[in-house]
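# Secondary and tertiary structure notes
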Protein chains: 2
Amino acid sequence: ADAAAGRIKAAACRTCHGIDGIAKIPIAPHIAGESEIYLQTQLKAFRSGKREHEIMSVIAKDLSDEDIADLAAWYASIRISVELPE
Amino acid sequence: ADAAAGRIKAAACRTCHGIDGIAKIPIAPHIAGESEIYLQTQLKAFRSGKREHEIMSVIAKDLSDEDIADLAAWYASIRISVELPE
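It should be emphasised that the depicted structure is a prediction, and the values quoted were computed from it without experimental measurement. (Residues numbered from 1 in each chain as written. Chains lettered and ligands numbered in written order. Predicted model: local features only at pLDDT ≥ 70, side-chain atom pairs only at ≥ 80, totals over all residues. Heavy atoms only, no water.)

All right, on to the overall build of chain A then. Helices and strands together make up the secondary structure of chain A, namely five helices and one strand. Moving toward the C terminus, one meets the helices and strands of chain A in the order α-α-α-α-α-β. For a compact globule of 86 residues, the expected C-alpha radius of gyration is about 12 Å, and chain A comes in at 13 Å, within 12% of that figure. Within chain A, residue pairs in contact and separated by at least 24 positions form 58% of the contacts whose partners lie at least 6 positions apart. A total of about 4500 Å² of accessible surface is found on chain A, and carbon and sulfur atoms cover 58% of it. Each charge sign in chain A was given a centre, from 10 positive and 13 negative side chains, and these centres are 2 Å apart. (Helix = DSSP H or I, 4+ residues; strand = E, 2+ residues; numbered from the N terminus. Rg over C-alpha atoms; globule rule 2.2 N^0.38 Å. Contact = heavy atoms within 4.5 Å. Areas by Shrake-Rupley, 256 points an atom, 1.4 Å probe, with all protein chains shown as cover. Lys, Arg positive; Asp, Glu negative; His and termini not counted. Charge placed at Lys NZ, Arg CZ, Asp CG, Glu CD.)

Laid out in structure tokens, this is it:
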């Protein structure tokens, strides 16, 4: 999988998920730093219909396995850190 | 919704998702800082069966609306920051 290629392909994702994986709209999840396995599983589920969403089902339909691997590699390569409320 | 109560109820989630929302196993997503709307929508989808997962479907079955609101409030209250690879 090629994270750099994924970063370019993520142009299709950035409107809702951001290039940095921080969701720009509340109904979309942050996908920054998610594991490659999780991201691939969800994209393939949207592509196969095992998981459904009015936007993601459409977007995932045209993704190849290579697209999915590259996109997952890109978003998984982003490091996240957390701060708990007091 | 009561994030403090959610933090306590998250004892049931921590094995896979962590109390801090950073996944402890690769098949589970990070849920730190996700929006309350997204978290509630997913938990209700697992509860209703609109979304299926062998573990989450079981866990969500017994969650009340209040549990879901509190858990979503807790994980949404965690602040996340990201670092892009060079």
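Bringing the environment of glycine 49 of chain A into the picture now. Mapped onto the fold, glycine 49 of chain A is located in the loop between helix H3 (36-48) and helix H4 (56-61). Accessibility expressed as a relative area gives 32% for glycine 49 of chain A, which makes it partly exposed. (Buried < 20%, exposed > 50% of the residue type's maximum accessible area, 1.4 Å probe, protein only.)

Right, let's get into the packing of H3 of chain A against helix H5 (residues 65-76) of chain A. All names here are of chain A. The interhelical angle for the contact between H3 and H5, taken along N-to-C directions, is 140 degrees, at an axis separation of 9 Å. The angle between H3 and H5 falls in the class oblique. As H3 packs across H5, the resulting crossing turns out to be right-handed. In this structure, H3 uses Glu36, Leu39, Gln40, Leu43, Lys44 and Arg47 to contact H5, whose residues at the interface are Asp65, Ile68, Ala69, Leu71, Ala72, Ala73, Tyr75 and Ala76. Looking at side-chain class alone, the contact of H3 with H5 contains nine nonpolar, one polar and four charged residues. (Axes fitted to C-alpha atoms, helices over the stretch in contact; angles between N-to-C directions. Parallel < 35°, antiparallel > 145°, perpendicular 65-115°, else oblique. Left-handed = near helix turned anticlockwise from the far one by under 90°. Nonpolar A, V, L, I, M, F, W, Y, C, P; charged D, E, K, R; others polar.)

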